[in-house]
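Read off the chains here:
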Amino acid sequence: MSAKVPQDRSTTNIISDVSKFWHSVKLIAAPYWYPTESGGRTFSDVIQAWAMLLLLIGVILAVVGLNAFNSFVSNYLVDVILEKSDFDKFVKTLVVFAVGLLFVTLLVGLLKFLRKRIALDWYAWLNDWILNKYLHNRAYYRINFKSDIDNPDQRLSQEIEPITSKALSFFAVSLENVLDMITFLVILWSISSSVAIILVVWTILGNVIAIYFNQALNKITQEELELKANYNYALTHIRNHAESIAFFEGENQELNIIQRRFNKLLDSAKRKIDWERGTEIFSRGYQAAIQVFTFVILGPLYINSEGISFGQVGQACLAANLFATALAELISEFGTSAQFS
């Protein structure tokens, strides 16, 4: 019985932390995206926000679809080149491929614009909403007596904007990369089920390792944010109490406090660099392995003329590479999501 208690408590704590996190997200997001209180956002503003979000999702679907379409055009283009018989067909296919890439480029630019614009509009509203609460009913005064809330000025000036930008980035990047992974996995399955199966197994193993790296990075990132706030507060303290410090000649004491806090911040930054190095090495090696085993499996099939064209080999390698890139970006996005949490 004693061995099960810590595990049960650990599971309960994880569930409790997740529940608190999503409750906090709801408190911040609901008044903007789904206001229910009277005197909140106007209906037209809510409709406009949702329209931009739906447009963002539509652009993401278009980018994923065009990437998949371009992979088939690339496959066909390679086969046309190898035929060496129809130059007009080559030119037409090349034009289609170039136009597809042009549209992808334009849509990616539009995607980033929409994501940042939605985040900016949300940030502007959220900043006003929180400031109104901060100055309402003397909350700014009563908050000083709460031990669990430190550096309110630091949090108000630096921690509101990342909430919106990180939330939109996480949503857009995750949706795009998950759709990319599904799409290119289907393409790979249509070419070689063996490659697709190995890719799925390798993905599961890679995610398990990535979760370990990201959990450590999340803790270090949260610690770094707190240490930065404490360091900035120590500097602000000198400005706000300059007269008292000068009168009592407390410069050395203040300098010692600042140096101690900076040293803690420096140690945290060094630990973060070490973990990021390991994460980057793993991510690069992970992608390289995917590209290599695609050639290992499909190369002999093409050489032995076992029902696969050279264009399909190129398409499969491209799909595997895009799958690996999407997964790497997804892993990276989970790693930086600590700033949002």
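For the structure given in this document, a descriptive report is provided here. All figures in this text were calculated on a predicted structure; none of them were measured in a lab. (Residues numbered from 1 in each chain as written. Predicted model: local features only at pLDDT ≥ 70, side-chain atom pairs only at ≥ 80, totals over all residues. Heavy atoms only, no water.)

A word on the side chain of Asn 75. Take Asn 75: it is sitting in helix 2 (residues 43-83). Non-local contacts of Asn 75, meaning those with residues more than four positions away in its chain, are made with Ser 309, Gly 311, Gln 312 and Gln 315. (Helix = DSSP H or I, 4+ residues; strand = E, 2+ residues; numbered from the N terminus. Contact = heavy atoms within 4.5 Å.)

Attention now goes to the nonpolar core. Grouped together as the largest cluster of nonpolar side chains are 28 residues, with contacts concentrated most on Leu 188 and Ile 290. When contributions to this core are tallied by element, the ones reaching two or more residues are helix 6 (161-191), helix 7 (193-240), helix 9 (251-303) and helix 10 (310-336). When residues in this core are grouped by element, the largest group, 10 residues, is from helix 10. Setting aside chain neighbours within four positions, we find Leu 188 in contact with Ser 193, Val 195, Ala 196, Leu 199, Ala 316, Ala 319 and Ala 320. (Core = buried A, V, L, I, M, F, W, Y, C linked by side-chain atoms within 4.5 Å. Buried < 20%, exposed > 50% of the residue type's maximum accessible area, 1.4 Å probe, protein only.)

A separate point is the pattern of salt bridges. Taken as a whole and assessed by the stated rule, the structure comprises three salt bridges. Notably, a salt bridge pairs Arg 117 with Asp 121, separated by 3.4 Å at the nearest N-O pair. You can see Arg 117 and its partner Asp 121 sitting in helix 3 (residues 87-135), four residues apart, about one turn around the helix. Assessed through its relative accessible area of 38%, Arg 117 is described here as partly exposed. For Asp 121, a relative accessible area of 25% gives the class partly exposed. Put simply, Arg 271 and Glu 223 hold a salt bridge, and the shortest N to O gap is 2.2 Å. Pair noted here: Arg 271 is in helix 9 and Glu 223 is in helix 7, with a separation of 48 residues, a long-range link. Taking the relative accessible area as the measure of exposure, Arg 271 reaches 36% and is therefore partly exposed. (Salt bridge = Lys/Arg side-chain N within 4 Å of Asp/Glu carboxyl O.)

To continue, consider the environment of Leu 107. Looking at where Leu 107 falls in the secondary structure, it is placed in helix 3. Owing to a relative accessible area of 17%, Leu 107 belongs among the buried residues under this scheme. Residues Leu 107 and Leu 66 lie 41 residues apart in sequence; the distance between their C-alpha atoms is 9.7 Å. Beyond its immediate chain neighbours, meaning those up to four positions away, Leu 107 contacts Val 59, Ala 62, Val 63 and Leu 66.

A separate point is the packing of aromatic side chains. Under the definition given, this model contains nine aromatic pairs. A ring pair is formed by Tyr 32 and Trp 122, whose centres lie 5.7 Å apart and whose planes are at 20°; its orientation type is stacked. Taken together, the residues Tyr 32 in helix 1 (residues 4-33) and Trp 122 in helix 3 connect sequence positions 90 residues apart. Judged by its relative accessible area of 4%, Tyr 32 falls in the buried class. (Phe/Tyr/Trp six-rings, centres within 6.5 Å; stacked < 30°, edge-to-face > 60°.)

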